[in-house]
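# Observations on the three-dimensional arrangement
Each chain, written out:
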Amino acid sequence: MKALYFESFGSSDVLQYGELPEPVIANKELLVQMEYIGLNYADIYRRKGNYHIEKHIPYINGYEGVGTVVEIGTAVAEYEVGDKVLFVDVPFANAELVAVPEEKAIRVPKTIDIQLIASIGLQGLTADFLAHDLGLNGKDENVFVHGISGGVGQILSQMLTADGVKVYGVTSTEEKQQLALNQGAEMVFVRNSGWESEYHSFFDTVYDGVGSTLLESTSLLKNRGKVVFFGMAGGNPPAIDFIQLLSQSKSILTGDLWDYLTSANQRKERSARLFKYFEEEKIVTSPPTIYALKEGKQAHEHLESGKSIGKILLQPS
Ligand SMILES: NC(=O)c1ccc[n+]([C@@H]2O[C@H](COP(=O)([O-])OP(=O)(O)OC[C@H]3O[C@@H](n4cnc5c(N)ncnc54)[C@H](OP(=O)(O)O)[C@@H]3O)[C@@H](O)[C@H]2O)c1
């Protein structure tokens with residue numbers, strides 16, 4: 001099979017495309033022929049050697065995608081050849097064929113287009129746990145989303161708006177600002193335009209997946225507010241003075257999707273809750289940017305440039 005792989009950590013130059021042995025499935029695994037593979041920020045951290053990655057010679061990146069089951073293990077109970085599945089936490093996804101443990105497969109509903117499912121799987125399930133396990137915002141609370149027009153940002157902001165929460169955010173360009181406003185945000189600021197001074201101590205919750213903005217996030221909070229810190233797309237967070245936080249009863253929560261996808265049932269319930277927003281058209285995301293799997297290097301560079309809007313997908317030829 002063809003795969004995108006690398007032998008040492010580094011810049012996008014380490015990525016290679018070529019022939020590797022096909023995976024051999026175990027009793028409780030499905031062999032999935034990939035249609036779309038999700039590219040995520042974590043894949044950049046992994047390629048650089050800054051994040052956990054499954055051992056494999058050579059390394060094969062990627063944990064997310066959709067495809068068709070082409071073979072099943074002898075002990076598989078719930079799936080058949082021909083079924084369409086999504087997965088968001090299975091290694092070695094940057095390949096034509098992936099061995100997917102049955103409990104990690106999520107059945108693709110017939111009500112949603114497969115390309116849309118591929119575009120919203122990991123980022124959507126992330127938005128879901130950020131909103132419904134960590135943020136837990138009540139109606140009419142004011143929340144702020146950094147990178148509001150990013151993949152997680154678009155889904156999170158519309159999910160919160162649909163839940164009755166008032167959403168504000170910041171982004172880098174007027175084009176992305178307009179996108180977030182069209183998706184229902186109350187107010188969206190353009191970065192470095194001096195908006196911050198009016199909003200100190202205003203928000204109940206700040207969702208921060210940018211990282212380098214963490215200090216600013218704490219100052220946007222009102223007393224007893226919370227930052228939900230979930231990523232470092234803009235660089236590592238600065239040191240935080242916890243004594244100062246304590247004096248204002250402010251909190252910082254963190255979370256990793258994989259700690260919320262702990263069983264087949266959790267995957268089923270959480271994805272059903274996510275898909276409902278799309279079935280009811282409460283969330284509409286911008287179309288994905290699609291690269292051929294062999295153009296993985298360009299796809300990584302596009303994601304790292306900060307110029308992408310929404311999801312980047314890789315497509316095996
Ligand atoms: N904890 C988890 O389980 C989990 C799961 C999935 C993703 N994540 C994290 O969530 C974050 C967003 O992921 P994503 O898939 O939505 O990526 P994405 O689509 O590329 O969005 C990232 C956003 O971050 C903003 N950004 C990038 N660099 C910035 C900078 N220097 N300063 C301010 N904003 C900056 C960009 O917004 P502008 O263009 O407007 O600047 C961009 O839209 C990442 O940190 C990722 O690692 C965490």
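Worth saying up front: this structure is predicted, and the values here are computed from it rather than measured. (Residues numbered from 1 in each chain as written. Predicted model: local features only at pLDDT ≥ 70, side-chain atom pairs only at ≥ 80, totals over all residues. Heavy atoms only, no water.)

Counted under the stated rule, the structure contains 1 cavity of 30 Å³ or more. Roughly 50 Å³ of volume is contained in the largest cavity. Lining the largest cavity are Ser119, Ile120, Gln123, Gly151, Gln154, Ile155, Thr285, Ser286, Gly310 and Lys311. Where the lining of the largest cavity is concerned, the elements lending two or more residues are α2 (114–135) and α3 (151–162). Looking at the lining of the largest cavity, its residues break down into 2 nonpolar, 7 polar and 1 charged. (1 Å grid on protein atoms, 1.4 Å probe; cavity = no way out; pocket = protein on both sides within 12 Å on 5 of 7 lines; lining within 4 Å. Points joined across faces, edges and corners; volume = space filled by probe spheres on them. Helix = DSSP H or I, 4+ residues; strand = E, 2+ residues; numbered from the N terminus. Nonpolar A, V, L, I, M, F, W, Y, C, P; charged D, E, K, R; others polar.)

With that settled, the discussion passes to the pattern of salt bridges. All told, the structure shown has 17 salt bridges when counted by the stated rule. One salt bridge connects lysine 311 with glutamate 64, and the closest N-O pair in it is separated by 2.8 Å. In this pair, lysine 311 sits in the loop between α8 (296–305) and β15 (312–315) while glutamate 64 sits in the loop between α1 (41–48) and β4 (65–72), placing the two residues 247 residues apart along the sequence. Classification of lysine 311 as buried rests on a relative accessible area of 3%. Note on glutamate 64: relative accessible area 1%, which makes it buried. Residue lysine 297 pairs with glutamate 301 through a salt bridge whose shortest N-O separation is 2.8 Å. Residue lysine 297 and its partner glutamate 301 are located together in helix α8, separated by 4 residues, close to a single helical turn. One network of salt bridges, with partners in common, ties together Asp128, Asp133, Arg270 and Arg273. (Salt bridge = Lys/Arg side-chain N within 4 Å of Asp/Glu carboxyl O. Buried < 20%, exposed > 50% of the residue type's maximum accessible area, 1.4 Å probe, protein only.)

Within α8, the full set of buried residues consists of Gly296, Ala299, His300, His302 and Leu303. Looking down the long axis of α8, one finds its buried residues gathered within 160° of arc, a one-sided arrangement. Residues of α8 that are buried sit in contact with β1 (2–5), β3 (29–39), α1, β14 (289–292) and β15. Downstream of α8 by a residue or two, glycine 306 has a phi angle that is positive, lying close to 80°. (Arc of directions from axis to C-beta. Contact = heavy atoms within 4.5 Å.)

Turning our eyes to something else, we now look at the domain arrangement of the protein chain. Here the protein chain is described as being made up of domain 1 (2–108 + 287–315) and domain 2 (123–257). On a C-alpha basis, the centroid separation for the pair domain 1 and domain 2 is 29 Å. Contacts between the two partners involve 13 residues from domain 1, matched on the other side by 13 residues from domain 2. When the buried surface of domain 1 facing domain 2 is broken down by residue, Tyr45, Ile309 and Gly310 rank first, second and third, together holding 46% of it. Taken together, domain 1 and domain 2 are joined by 0 salt bridges. Where domain 1 meets domain 2, there are 4 residue pairs in polar contact (both at pLDDT 80 or more). When its residues are assigned to classes, the side of domain 1 that touches domain 2 shows 6 nonpolar, 4 polar and 3 charged. (Domains from an automatic or database assignment. Buried area = accessible area lost by both parts, 1.4 Å probe. Polar contact = N/O pair within 3.5 Å; in protein donor to acceptor, adjacent residues only side chain to side chain.)

By nearness alone, 26 residues border the ligand, and Gln123, Thr171, Lys176, Arg191 and Leu257 come closest of all. Note that an oxygen atom of the ligand is positioned 3.0 Å from one of the side-chain N or O atoms of tyrosine 45. Methionine 232 places a polar main-chain atom, nitrogen or oxygen, 3.1 Å from an oxygen atom of the ligand. Protein chains bury 87% of the 900 Å² of accessible surface belonging to the ligand in isolation. (Near = heavy atom within 4 Å. Areas by Shrake-Rupley, 256 points an atom, 1.4 Å probe, with all protein chains shown as cover.)

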